[in-house]
Each structure stands twice: as structure tokens, then as C-alpha cells.
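# A structural walkthrough
Single-letter residue listing:
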Amino acid sequence: MQFSIVFKTIGLLLMVFSLTQLPPIVVDIIYHENEAFSFAIAFALTFISGLLLYLPFRNSTKDFRIREGILVVVSFWLVLSLFATAPFLLSESLSMTFSDAFFESMSGLTTTGATVLLGLDDLPKAILYYRQQLQWLGGMGIIVLAVAILPMLGVGGMELYHAESSGISKDRLTPKLTQTAKALWKIYLSFTAICALAYYFAGMDVFDAIGHSFSTVAIGGFSTHDASMGYFDSMAIELVAVVFMFLAGINFSLHFFVWRKKNVFAFFKDSEFKTYLLMLSMLIVIVSVYLFNSGYYQTLEEALRYGIFQSVSMATTTGFASSNFSLWPLILPVILIFSSFVGACAGSTGGGIKVVRILLMFKLAMKEIKKFIHPNAQINIKLNRRSVAQSTLVSVWGFFSLYVIAFVFIMIALMFTGMDQVTSFSATAASINNLGPGLGEVAQNYGSISESAKWILSFSMLLGRLEILTLMALLHKAFWRF
């Protein structure tokens, strides 16, 4: 293990991250709410810590291997979440314990959207902006951003990209990794800017439009209001949110190919996209029809409005709420929570198992049924008209096995902290799928759960964000053999 290159890289990344604590100072200068000092201290603390880690190893030229890549990714998310707590702890407007601050920053950076804060409407704008910005940075992955920067600083990034990128999609958009990261971020920035403008023209003020564009494109779910999207009570705003949640849930590689070919029909040549669209459509129909037939909403227009919004929000693992879905007729909240298990497409900013994995597992199940009927048949599993390698299928089942094992252990651990079954199940799903809202005790907020439960859920969020395998590899004894 080349620890020198690990420390050098984490130091560099921390110094880069420290710069993100400067924009909230500008926000505070605009709104005059006396939060600038806490962010200035946080910036200095983060930058100096990064510099102290970097300087002793600045001349290290050792090669970056896959083990160092995994260690940097996991360490950096933990270290980043640790330093991201500083503004929460230093702010005089908040009285947060370290557990609460770490939970909030981990939730932001992993784009989970679970929060322990109450009274968001009354908090300083700098704090609110900072929360939204954390999600925006976490959305595409701070490591992908780093991949575009690190080569200029003399540190290669291939291993980092493989460790952090979401899903099984490892599509290379351009020949060079740096150019790939830049291409992804151009798409990400474009979506954010257009989303912010759309929110503004739909009726949000400038601050809310920018803040919600950050958490929408990141599929994060943080809001600047306790009532989330329900605060605005606007069909136009909800429509903008639905469109951009849907777009952010699509593989960003696919967005790039569609843009490059200038042909929107290229979306419909992708198996995962077609499955994503089909599953979302089915969920919307089921939820909307059930809401109308049960009499929960009196008109079909209302049932469709809230059914479409909440279905897209939960299925893409965004976690926005336009109404309190936990109070809907009994089966619907459970269906919505279960939709987050599938999640968004691989290579998107969403969480969950990912549509392409579910699709491949379904195809594999169909193959086994056919082989049972026709034992001598040679059946290939195809995706986008190409045969899927056996190693890919094994990795999909390997991921699913680890996912189930991790889910069961986390849920049992939460029950040991005193949570009831519904709360522990939904909290596990909401954290490992990077969703946010759950049911029972965590339907609205996570502030009332125990300190130990917050740490378990923080671990679960990181596990989900790093696609389980990255973190599990670090915990295996074979990883540390020299």
C-alpha cells in the first residue's frame, strides 16, 4: 500500500473542497445574517488541514493502483463529511451535536436528503445554501470532479473513477479520462443552469430557484423549506421538478451520446432507458389510480398531480415531497419506498440498485426458466443487442448479494437501537438507496432517532453512495495484505 500517494491526494482534494466553503460567505454578505465568520473559520480549518497532509508527500511520484484508489475514495468521503460538519458546529443559529452535524453533511454529500434539522424556513440563508451546495457537489461525485483536476496536479485518476462512478456503467465518452469528467460536468452544469431558470420562471425567487436546482439535478432532495416542494403549492414548479428529476435519473453517458448525435430518439435505442420509462409509467398509473379510487383526492387532476410528482421523486431516489405521502392509503407509501430499491439508471446521480441491474437479473431469471424447460438450449442474455459477458452477470449477482446482506444487518442494528420494525425497515431503505424520507418515526425528520442510529444510517448512506462493493472491499482483510 502506497500511503504517501493516498495522503498527498486527500490533502489536495481537501484544499479543493475548502474553496466550496467560500460561496456561503458571499450569500451571507448579501443577506446580512452574521454567518460569514463560521464559514471563514471552516474554510481556514479545511484548507490548512489539506495543506498539512499534502506538504510532507508533495514530491511522491509513486504509481496509483486500484487499492490506493479505493482507499482514497472511501477515506475522502469520510474526511470530507467530517470537515463539512464545521459550519454546522460553528454556527450560532444551530445547536447541533457532532452526530447531528456529521449525519447532515453525510446526507448532503451522498445526496440522500435525510435531515435532522427543523425550522428550515427560519434558518440563515448561508446555512441553507450550504446544505444545497453539498448535495450538488455530491451529485455527480466529488471524485469525478477531482479526476478532472488531479491530472493537472500530477496525480492520475483512473482508479478513483472506477471506485466512485455509479452503477455498472463504465462508458468512456472520450479517449481521455480527464476529458470524460469534464464532459460529464458540462452536462451537469447545463442541467443545473436550465433547471434554475425554469424554477425561477415557474415562480420561485432567485435563492430558492438556485438552491432547488442544486438538489434536483443531484437527485438529492434537500429543500430550503420544512414542507419541501409542498411549500410552493404550485403545479408549474412541480412540473419543472418532475422533468429534471426524470432527466437526472438517466445515464449521463446516454445524455452525452444523444447530445453528440443531436438525435433525441437515441434514448429509445437504450434498453435501460426504455425499462426506466416503463417502470416509472407503471408506478405513476398505479399510484394515481389508487389515490383517485380510494377517494383520498376528490378529482382525477389532483390524483394525477400528486401521484406523478411523488412517484418520480421516490423512484429516482430524489425524496422531494409535495404532500405527506406517509399518510396516503396504506399500500401506497410501501410501494413508493419499494420503488427506490430499483432507483435510477446506472451512471446517473440517483441511488438504488439501478435499473440496468434489475433488468439483467430479470433477464437472467427468464433464462433459467427457459433452460429448465429446454435444458440443452444455448441462451444468450443481450443488452442493447449485445451479448452480456458472464463476468458482468456474476458481478450483478455479487452486488445484489452484498446489498441484501448489508440491508439485513443494518436493519437489525437499527432495531437494537430501539426502532420499531416499520421505521427501521424504511430508514434502512431510505439511507442505503440514498432516498431520504422514510415511514413511521422518520417520515418527516430524523432528529428524534438515537445517536447510535444516526451513525448506523450515516454508514448506510456511504455504503449506498459507493455502490457497496468499494466500502466492503476496504473492510476485507485481503485488502490490507502487503
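Just above, that's the structure.
Now for a description of the structure that goes with this document. (Residues numbered from 1 in each chain as written. Predicted model: local features only at pLDDT ≥ 70, side-chain atom pairs only at ≥ 80, totals over all residues. Heavy atoms only, no water.)

## Remarks on helix H14 (residues 271-293)
The end-to-end C-alpha separation of H14 is 33 Å, in line with the 33 Å expected for 23 residues at 1.5 Å each. Where H14 is concerned, the buried positions are Ser271, Glu272, Phe273, Thr275, Tyr276, Leu280, Leu283, Ile284, Val287, Ser288 and Leu291. Those residues of H14 hidden inside the fold are in contact with helix H12 (235-248), helix H13 (252-261), helix H15 (300-315), helix H16 (331-342), helix H17 (355-373) and strand S1 (382-383). Sitting at the amino-terminal end of H14 is aspartate 270, which places a side-chain oxygen 3.3 Å from the backbone nitrogen of glutamate 272. Residue glycine 295 follows H14 closely and has a positive phi angle near 80°. (Helix = DSSP H or I, 4+ residues; strand = E, 2+ residues; numbered from the N terminus. Expected span 1.5 Å × (residues − 1). Buried < 20%, exposed > 50% of the residue type's maximum accessible area, 1.4 Å probe, protein only. Contact = heavy atoms within 4.5 Å. Polar contact = N/O pair within 3.5 Å; in protein donor to acceptor, adjacent residues only side chain to side chain.)

## Section: the pattern of salt bridges
If you walk through the whole model with that rule in mind, you get seven salt bridges. We note a salt bridge from aspartate 233 to arginine 305, for which the minimum N-O separation is 3.1 Å. With aspartate 233 in the loop between helix H11 (206-217) and H12 and arginine 305 in helix H15, the pair connects residues that are 72 residues apart, well separated along the chain. Residue classification places aspartate 233 among the exposed residues on the basis of a relative accessible area of 53%. Among the salt bridges present, the one from glutamate 467 reaches lysine 354, with a minimum N-O distance of 2.8 Å. Within this pair, whereas glutamate 467 is found in the loop between helix H20 (451-465) and helix H21 (469-475), its partner lysine 354 is found in the loop between H16 and H17, the two being separated by 113 residues in sequence. In this pair, the class of glutamate 467 matches that of lysine 354, namely buried. (Salt bridge = Lys/Arg side-chain N within 4 Å of Asp/Glu carboxyl O.)

## Brief notes about a positive patch on the surface
Judged by side-chain charge, Arg260, Lys261, Lys269, Lys274 and Arg385 come together as a positively charged surface patch. With respect to the helices and strands, the residue lysine 269 is situated in the loop between H13 and H14. The class for lysine 269 is exposed, based on a relative accessible area of 63%. (Patch = residues over 30% accessible without salt bridge, like charges linked within 9 Å, V, L, I, M, F, W, Y side chains within 5 Å. Areas by Shrake-Rupley, 256 points an atom, 1.4 Å probe, with all protein chains shown as cover. Lys, Arg positive; Asp, Glu negative; His and termini not counted. Charge placed at Lys NZ, Arg CZ, Asp CG, Glu CD.)

## A word on unusual backbone geometry
Residues other than glycine seldom take positive phi values, yet serine 228 does so here, at roughly 55°. Residue position: serine 228 is located in the loop between H11 and H12. Assessed through its relative accessible area of 9%, serine 228 is described here as buried.

## A short note on the packing of helix H19 (residues 421-432) against H20
Two numbers describe how H19 lies on H20: the axes approach to 7 Å, and their chain directions differ by 40°. It follows that H19 is oblique to H20 by the angle criterion. Here Ala427, Thr428, Ser431 and Ile432 of H19 lie close against H20, whose contacting residues are Leu457, Ser460, Met461, Leu463 and Gly464. (Axes fitted to C-alpha atoms, helices over the stretch in contact; angles between N-to-C directions. Parallel < 35°, antiparallel > 145°, perpendicular 65-115°, else oblique.)

## Regarding the state of the cysteines
Counting across every chain of the model gives zero disulfides. Of all cysteine sulfurs, the one in cysteine 345 lies closest to cysteine 195, which takes part in no disulfide; the gap is 18 Å. (Disulfide = S-S within 2.5 Å.)

## What to know about the environment of methionine 366
Within the fold, methionine 366 resides in helix H17. In this structure methionine 366 comes out as partly exposed when scored by relative accessible area, which is 33%. As for methionine 366 and isoleucine 381, which are separated by 15 residues in sequence, their C-alpha atoms are 9.5 Å apart.

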